[in-house]
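This is what each chain is made of:
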Amino acid sequence: MEQQLWWQSGVIYQIYPRSFQDSNQDGVGDLRGILQRLDYLQSLGIKGVWISPVFNSPMADFGYDISDYKNIDPIFGDLSDFDELIQEIHRRDMKLILDLVPNHTSDQHPWFLESRSSKENPKRDWYIWKDALPDGSVPNNWLAMFGGTGWEWDEATQEYYYHAFLKEQPDLNWRNPEVQEAMMDVMRFWLDKGVDGFRVDVMWHMIKDANFRDNPVNPEYASHMATYNQLLPVYSTDQPEVHDIVYKMRSLLDEYEERMMIGEIYLPIRSLMSYYGSDNNGAHLPFNFLLLSLSWNTHQIAAAIAEYEAAIPAGGWPNWVLGNHDQPRIASRIGSEQAKVAAMLLLTLRGTPTIYYGDEIGMRDVPIPFEEVQDPQGLNMPDKNLSRDPARTPMPWDDSKNGGFTQGQPWLRLDKNYVAHNVSVQDKDPRSMLSLYKRLINLRQKEASLMSGQYIPVYTDQQIMVYIRHTDGEDRFMVILNLSHRPCYYNFPSSVNGTIELSTSPELEGERIKDKISLHGDEGIIIRLNN
Ligand code: GLC
């Protein structure tokens, strides 16, 4: 078996820094807070720690609007805290992945301030400026993800600029070589500090159609959807030239040792695959968001896994994601019991799993009263229930005030149930979600078949999904997942027998299995096969 790289063999964990741990009692998490919790991540068995943006930002989009790419926002700490963080992460044999936001800057970034200062400014062409149409209207029909048109009128210089997200997040013009060089310089700055990889924000947005053609109407638009979905973003995203940019970023990473790049890309499987690059010279891991969008149904999921597996280019490495800071939490989507089955799925599929902070304790979406909504996506489209705040609430560590997250006033309220549902309580309970995650990660990291073996689908019906993971010369594992609340049986193909290695019901572990197995509702089982 080929030697695996750290981002292939290890598990990735996403921290949303505002909500992980506050160290200075201002109610917002910070880098020193993360430092305090590194032992926890290590005990969980995590390899790669991805932190959402911590750079200087006016926080219009909570850090995804950056005004200085080479500094830490004071709310999170400073560069010396960062240096300590990376050192402590490395000391624990873990890796640090930063969020790189190259598609757009803050409108307060000096580059944009210069760009908007006059049409003659040398940085004018660093952003996307266009004349109004003769009747004064916007240059084309492109829409912003967070509602309304993607064009903002600049009174002073009498042109529109394009923003795929908020008007406070103007898009950079990646066709300009100076922009490319400036962002490569940012990457070099962090790579030289020892950062192990980047998660590249909205990678598929980076280049737009050279002719700015109108996007076509989406025939499947329904009124509950974000207004952005009225059109199909055929000309504003996923342009062929984006791959040249990804390739440049990758080439830079390849000048360093064992650095990696994740691409945030919401596209259908076939288009997603192109982000691996024509010759595996693109993103190491184009994020696979299939499990975020499919309904929780055995046939759909099994079919999607098969399609994804079949589409991965030779030499490409798969990956799986169950949650992130933009999506409803898995435990709220499918229920706490099924979330255990989902954890088993995530950690037994072939490829790198990414865990969203708090999912390992089964955190649920927290209802945020309307007056407390922070997320611009929620505020801009108030009738559509699109606020991402519920999935971004502070981590409950124990039953002390504010779950031990902060002594101050938390920036978002915690789940009311934090006294019962927190890290410390779950750590002592062998049946908890946290214990399940730990056992699953531990097994995955110990067993070559689970870490890197083939994925072999065996059986799917209305209730269960069965597959085998196997690599030559190692034990085979059969995974049986009951995606329903009802009990059921699975009849083995005649020659199979084995021992339950791990189950969502720990008391079953060690039981020998032959011919037939009976499963509880919401149960997942991993069997070590004897033959
Ligand atoms: C990505 C981020 C999201 C952010 C958006 C704009 O999708 O994950 O949180 O709002 O980009 O930067």
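Keep in mind the model is a prediction, meaning the values are calculated, not measured.

Engineer: I'd love a proper account of the site of the ligand, names of residues and values included.
Structural biologist: By nearness alone, 14 residues border the ligand, and D61, H104, D201, E264 and D326 come closest of all. At a separation of 2.5 Å, an oxygen atom of the ligand approaches a polar side-chain atom of D61. Contacts to the ligand include D201, whose side-chain N or O atom sits 2.9 Å from an oxygen atom. For the shell around the ligand, the class distribution of residues is four nonpolar, three polar and seven charged.

Engineer: Describe the packing of aromatic side chains, naming the residues involved and giving the relevant values.
Structural biologist: Counted according to the given criterion, the structure contains 31 aromatic pairs. With a centroid separation of 5.2 Å and 50° between ring planes, the pair formed by F62 and W411 is classed as tilted. Highlighted residues: F62 in the loop between strand 3 (55–56) and strand 4 (68–72) and W411 in the loop between helix 13 (376–380) and helix 14 (423–427), separated in sequence by 349 residues. Accessibility assignment for this pair places F62 and W411 in one class, buried. Their ring planes at 75° and their centres at 4.8 Å tell us that Y356 and Y357 sit as a pair that is edge-to-face. The burial state of Y356 is the same as that of Y357; both residues are buried. Through a chain of ring-to-ring contacts, three or more aromatic side chains come together here, namely Y13, F20, Y40, Y356, Y357 and W397. Above the ring of W317, the side-chain terminus of R350 is found at 5.9 Å from the ring centroid. Across the ring face of Y489, the terminal group of K516 is positioned such that the distance to the ring centre comes to 5.3 Å.

Engineer: So, the domain arrangement of the protein: which residues are in play, and what are the values?
Structural biologist: Under the domain assignment used here, the protein contains domain 1 (16–105 + 177–206 + 241–378 + 403–436) and domain 2 (441–529). Spacing between the C-alpha centres of domain 1 and domain 2 amounts to 29 Å. Approximately 2400 Å² of surface area, both sides summed, lies buried where domain 1 meets domain 2, with 66% of it carried by carbon and sulfur atoms. Area buried by domain 1 at its contact with domain 2 is led by T298, M344 and T348, which between them contribute 25% of it. Taken together, the links from domain 1 to domain 2 amount to one salt bridge. For R431, the salt bridge identified is with E507, shortest N-O distance 2.7 Å.

Engineer: Explain the pattern of salt bridges residue by residue, including any values.
Structural biologist: Opposite charge on two side chains permits them to pair, given that their charged atoms come into close proximity. Scanning the model with the defined rule gives 34 salt bridges in all. D375 is the partner of R392 in a salt bridge, and the nearest nitrogen-oxygen pair spans 4.0 Å. Pair noted here: R392 is in the loop between helix 13 and helix 14 and D375 is in the loop between strand 13 (352–356) and helix 13, with a separation of 17 residues, a long-range link. In terms of burial, R392 and D375 fall into one category: buried. One connected set of salt bridges, linked through shared partners, spans D61, D326, D375, R388 and R392.

Engineer: Residue-level account of the sheet that holds strand 7 (residues 151–154), with values.
Structural biologist: Note: strands within a sheet are paired through backbone hydrogen bonds, in either parallel or antiparallel orientation. Sheet architecture is open: three strands sit in the order 6-8-7, paired in antiparallel fashion. In this open sheet, the two strands that pair with only one neighbour each are strand 6 (129–130) and strand 7.

Criteria and thresholds
- Throughout, residues of each chain are indexed from 1 in the direction in which the sequence is written.
- Note on the predicted model: pLDDT of at least 70 is required for a residue's local features to be given, and 80 or more for side-chain atom pairs to be given and counted; whole-chain, interface and lining totals, by contrast, use all residues.
- Only hydrogens and water are removed before side-chain values are computed, so all heavy atoms of the structure are retained for them.
- One heavy atom suffices: a residue is near a molecule or strand as soon as one of its heavy atoms comes within 4 Å of it.
- Here a polar contact is recorded for every N or O atom pair within 3.5 Å, except that within protein the pair must consist of a potential hydrogen donor and a potential acceptor, and residues adjacent in sequence are included only if both atoms are side-chain atoms.
- Residues are grouped as follows: Ala, Val, Leu, Ile, Met, Phe, Trp, Tyr, Cys and Pro are nonpolar; Asp, Glu, Lys and Arg are charged; all remaining types, including Gly, are polar.
- In this analysis, rings of Phe, Tyr and Trp, with Trp reduced to its six-membered ring, are considered paired at centre separations within 6.5 Å, and the interplanar angle assigns stacked below 30 degrees, edge-to-face beyond 60, and tilted for intermediate values.
- Helix and strand definitions follow DSSP, with helices as H or I runs of at least four residues and strands as E runs of at least two, each counted in order from the N terminus.
- Throughout, exposure labels follow a simple rule: accessible area from a 1.4 Å probe, protein chains only, divided by the maximum for the residue type, with under 20% read as buried, over 50% as exposed, and the rest as partly exposed.
- Remark: a charge is flagged as sitting over a ring if the NZ atom of Lys or the CZ atom of Arg is within 6 Å of the ring centre and within 35 degrees of the ring normal.
- In this document the domain limits rely on a domain assignment from an automatic tool or a database.
- The term buried area denotes the loss of accessible surface (1.4 Å probe radius) that occurs when two parts are joined, taken as the sum for both partners.
- By salt bridge we mean one thing: a side-chain nitrogen of Lys or Arg within 4 Å of a carboxyl oxygen of Asp or Glu.
- Paired strands are those between which DSSP finds at least two bridges.

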